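The lines below spell out each chain.
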Amino acid sequence: MKHTVENAILGAVETLLKTKWEISELPRFEVEAPKNEAHGDLATNLAMLLARPLKRAPRRIAEEIVEEITGNSSDLFESVQIAGPGFINFRFSNAFWHENLYKILHKDRLYLRRNIGEGRRVQVEFVSANPTGPLHIGHGRGAAVGLALSNLLEAAGYKVEREFYINDAGRQVGLLGLSVYVRYQQVLGSKIELPENAYQGDYIGEAAEALIAEIGKKYLDVPFDKCGEDITDWSYRRMLAEIKTDLENFGIRFDSWKSEKSLYAANEVQNALDALKEKGYLYEHDRALWFKSSSFQDDDKDRVVVKQDGEYTYFASDIAYHKDKLDRGYDYIIDIWGADHHGYIARISAVLQAFGYDKDRFQVILVQIVSLLRKGLPVKMSKRSGEFITLREVVDEVGADITKFIFLTRRSDSHLDFDIETAKQQSSENPVFYVQYAHARINSIFRQAPAKGFSNVDRNNMQDIDVSRLTEPEELGLIRKLCTYPMIFEAAARAYEPHRITFYLQELAGLFHSYYRKHRILVEDDREQALARMTLARAVEIVLHEGLTILGVQAPEKM
RNA sequence: GCCCCCUUAGCUCAGUAGGAUAGAGCACAAGUUUCCUAAACUUGGUGUCGCAGGUUCGAUUCCUGCAGGGGGUACCA
């Protein structure tokens, strides 16, 4: 609908440029929905922007434009008015809205989706939790955002791949192995102390028990350097399997799982460093190897890639990993990180530039910390001490849909207090149910329809139904709202902000609930009106379903 | 010290590529069901948009400074 107004303006201005105006170029003007409904459906600031170059009062200019427009396309608009300092407000005619309603019904959903990706390949990497323990609520937020963003971009015409990066090569994984090893020995009666920095959660004990069940006393009193590798390997695979299960229960499936170890195995880390060295971006200092990060604008200091002791830093494998991603041919790579990693962005960006990649192809979405509360009191979260609530526990207690939806009712970079009790207590008045309920209600209407005398209505084929009877303010309001979805969708996709969809859906559901209470849809004694209203309801259902699906939340037919 | 993010209604938060009278949910109060799902609806009200400057026709939005909150600033992961 934005294009409609833009075209009307451009058409009018074209003749004015030829005849009355003594300028050659048009400034970039806006066409936006005014905050205040009384100001029409869309408004432009063009006349105000032209005031200076044309040296005339903005309202005078607006008058000229309006005169042209109303002469050209009077059937599209109910009114085109000048207001305030020189805004031009457009109000569409009912016929225009009715015409647009059909576009929503169209099977291919192209009207809703806008192809801005044009088939370009995007990789979204998210969660990527260390396989050293269960997922916690913060991972859950990253997971929800990653899922929704992937879906959003996919709907916007990108070819999306979801990846989980497994940190299976570092010291932390070794520490996990050691922790399980020690607990294994302890359970079997060997007197051995758990090192202070080891993991201590219950899940370590559970892993030890499972290990005993699997291999018995095979490694009892065997020194760690003899069996550590086996146990470490076994332990992180077990943790990874748990993580995978948790994510699946949360409704998330990855297209690929990339192992850090595999990068080392293929010698990619060393190869990447060699390549950097060849380009002159590595140097030795204090017997360590450094990357010249500071020669790129974003980073303020150089970074170590190989330590004094000859070990690679975590950064070294990240260099190889991010290089590998772009080498794999993605047009864009998006990383979703906890906000505490934001200092890391600059050096990765520097690395990619060092390899000659455009830095715009790498994007990081920061997800702020989640504070987990119970009845307003903070729940302590420390992986070391093992005192924390896992994502699994939260999902079991609260539900996957509610949890995801709550994460998506905020911008990802703002802090979030997640109160388990509140999420549960409000479950009957929870925003996610509010939206789902609207969807279920519409489905219920269509289930009822045959019994009320509307037996041969095909939900997928309603384009021929006459909707000109939809003239109630609530009906036109709903259509108007439906027609803004493409704009919301496009803005959300361009900004990588799925939460905009969440807010839109709540508003749309609100309008529908209100309409539903006020007007009967299956009007028994007026078939034409009933059919028109069913068509409207169907359009609402389509958009709700579309939006919920993008968020990764169920759109139930019954509740 | 330096860098990044946040500060909007009692609470939790939307909203800014500068625009007209700044929004929602929760909480609180009162009402709505012979009728397609009451997980719903209707009505009721509050703001120094953290503070102070600047830029301009116009600033919650952009710039600078300050304050408060959070995070980062490892040859940790």
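Residues numbered from 1 in each chain as written. Chains lettered and ligands numbered in written order. Predicted model: local features only at pLDDT ≥ 70, side-chain atom pairs only at ≥ 80, totals over all residues. Heavy atoms only, no water.

S.K.: How would you explain the sheet that holds strand S6 (residues 159-166) if you had to name every residue and give the values?
M.R.: Read from one edge to the other, the open sheet built from 5 strands follows the order S7-S6-S5-S11-S12, with strand pairing classed as parallel. Strands with a single pairing partner mark the edges of an open sheet, and in this sheet they are strand S7 (256-259) and strand S12 (362-367). Between one strand axis and the next, the sheet turns by 25 degrees as a mean value, whatever way the strands run. Each of S6 and S7 touches helix H9 (residues 224-249); the most contacted strand, S6, lies at about 145 degrees to it. (Pairing = 2+ DSSP bridges. Helix = DSSP H or I, 4+ residues; strand = E, 2+ residues; numbered from the N terminus. Axes fitted to C-alpha atoms, helices over the stretch in contact; angles between N-to-C directions. Contact = heavy atoms within 4.5 Å.)

S.K.: Report on the packing of helix H6 (residues 137-155) against helix H20 (residues 527-551), specifying residues and quantitative values.
M.R.: At a minimum axis distance of 7 Å, the contact between H6 and H20 shows a crossing angle of 130 degrees. Overall, the two elements H6 and H20 adopt an arrangement that is oblique. Across the interface between the two elements, Leu 147, Ala 148, Asn 151, Leu 152 and Ala 155 of H6 pack against Glu 546, Thr 549, Ile 550 and Leu 551 of H20. Residues that form the contact of H6 with H20 fall into these classes: 6 nonpolar, 2 polar and 1 charged. (Parallel < 35°, antiparallel > 145°, perpendicular 65-115°, else oblique. Nonpolar A, V, L, I, M, F, W, Y, C, P; charged D, E, K, R; others polar.)

S.K.: Give me the packing of aromatic side chains: which residues, what numbers.
M.R.: A full pass over the atoms with the stated rule returns 25 aromatic pairs. When the ring of Tyr 264 is compared with that of Tyr 312, the centres are 5.5 Å apart and the planes differ by 45 degrees; the resulting orientation is tilted. Taken together, the positions of Tyr 264 in helix H10 (residues 260-265) and Tyr 312 in the loop between strand S10 (303-306) and helix H12 (314-327) put the pair 48 residues apart, joining distant regions of the chain. A residue is classified by how much of its surface remains accessible, and Tyr 312, at 28% relative accessible area, is partly exposed. By way of ring pairs, the aromatic residues Tyr 281, Phe 291, Phe 296, Phe 315, Trp 337, Tyr 344 and Phe 362 are connected into one cluster. The positively charged end of Lys 244 is found above the aromatic ring belonging to Trp 257, 4.4 Å away from the centroid. The ring of Phe 250 is capped by Lys 404, whose NZ or CZ atom sits 5.4 Å from the centre of that ring. (Phe/Tyr/Trp six-rings, centres within 6.5 Å; stacked < 30°, edge-to-face > 60°. Buried < 20%, exposed > 50% of the residue type's maximum accessible area, 1.4 Å probe, protein only. Lys NZ or Arg CZ within 6 Å of the ring centre and 35° of its normal.)

S.K.: Kindly report on helix H8 (residues 202-215), identifying the contributing residues and their values.
M.R.: An α-helical turn contains 3.6 residues, so a residue and the one three or four places further along point in the same direction. Over its 14 residues, H8 extends 20 Å from the first C-alpha to the last, a length consistent with the 20 Å expected when each residue adds 1.5 Å. Elements in contact with the buried residues of H8: helix H7 (171-187) and H9. Backbone geometry just after H8 places Gly 216 at a positive phi near 65 degrees. (Expected span 1.5 Å × (residues − 1).)

S.K.: Mind laying out H7, listing which residues take part and the relevant values?
M.R.: Over its 17 residues, H7 extends 24 Å from the first C-alpha to the last, a length consistent with the 24 Å expected when each residue adds 1.5 Å. Among the residues of H7, Val 173, Leu 175, Leu 176, Gly 177, Ser 179, Val 180, Tyr 181, Val 182, Arg 183, Tyr 184 and Gln 185 are the ones counted as buried. Lining the buried residues of H7 we find H8 and H9. Of the residues one or two after H7, Gly 189 is the one with positive phi, at around 100 degrees.

S.K.: Residue-level account of the pairing of strand S9 (residues 288-291), with values.
M.R.: Relative to S9, strand S8 (residues 282-285) runs antiparallel, the two sharing 4 bridges. Bridged to Glu 284 within S9 is Leu 289. Between S8 and the antiparallel strand that follows it, S9, lie 2 residues; Asp 286 among them carries a positive phi value of about 55 degrees.

S.K.: Give a description of the pattern of salt bridges that names residues and reports values.
M.R.: Taken as a whole, this structure holds 32 salt bridges when the rule is applied. With a shortest N-O distance of 2.6 Å, Asp 526 and Arg 469 are connected by a salt bridge. Separated by 57 residues along the polypeptide, Asp 526 in the loop between helix H19 (499-518) and H20 and Arg 469 in the loop between helix H17 (431-448) and helix H18 (473-495) bring together distant segments of the chain. A residue is classified by how much of its surface remains accessible, and Arg 469, at 29% relative accessible area, is partly exposed. Put simply, Glu 163, Lys 258, Asp 324 and Arg 328 are held in one network by salt bridges that share partners. (Salt bridge = Lys/Arg side-chain N within 4 Å of Asp/Glu carboxyl O.)

S.K.: Which residues make up the confidence of the model for chain A, and what are the values?
M.R.: Considering every residue of chain A, the mean pLDDT works out to 89; 97% of them sit at 70 or more. Confidence estimates for the predicted assembly give a pTM of 0.93 and an ipTM of 0.92. (pLDDT = per-residue confidence, 0-100.)

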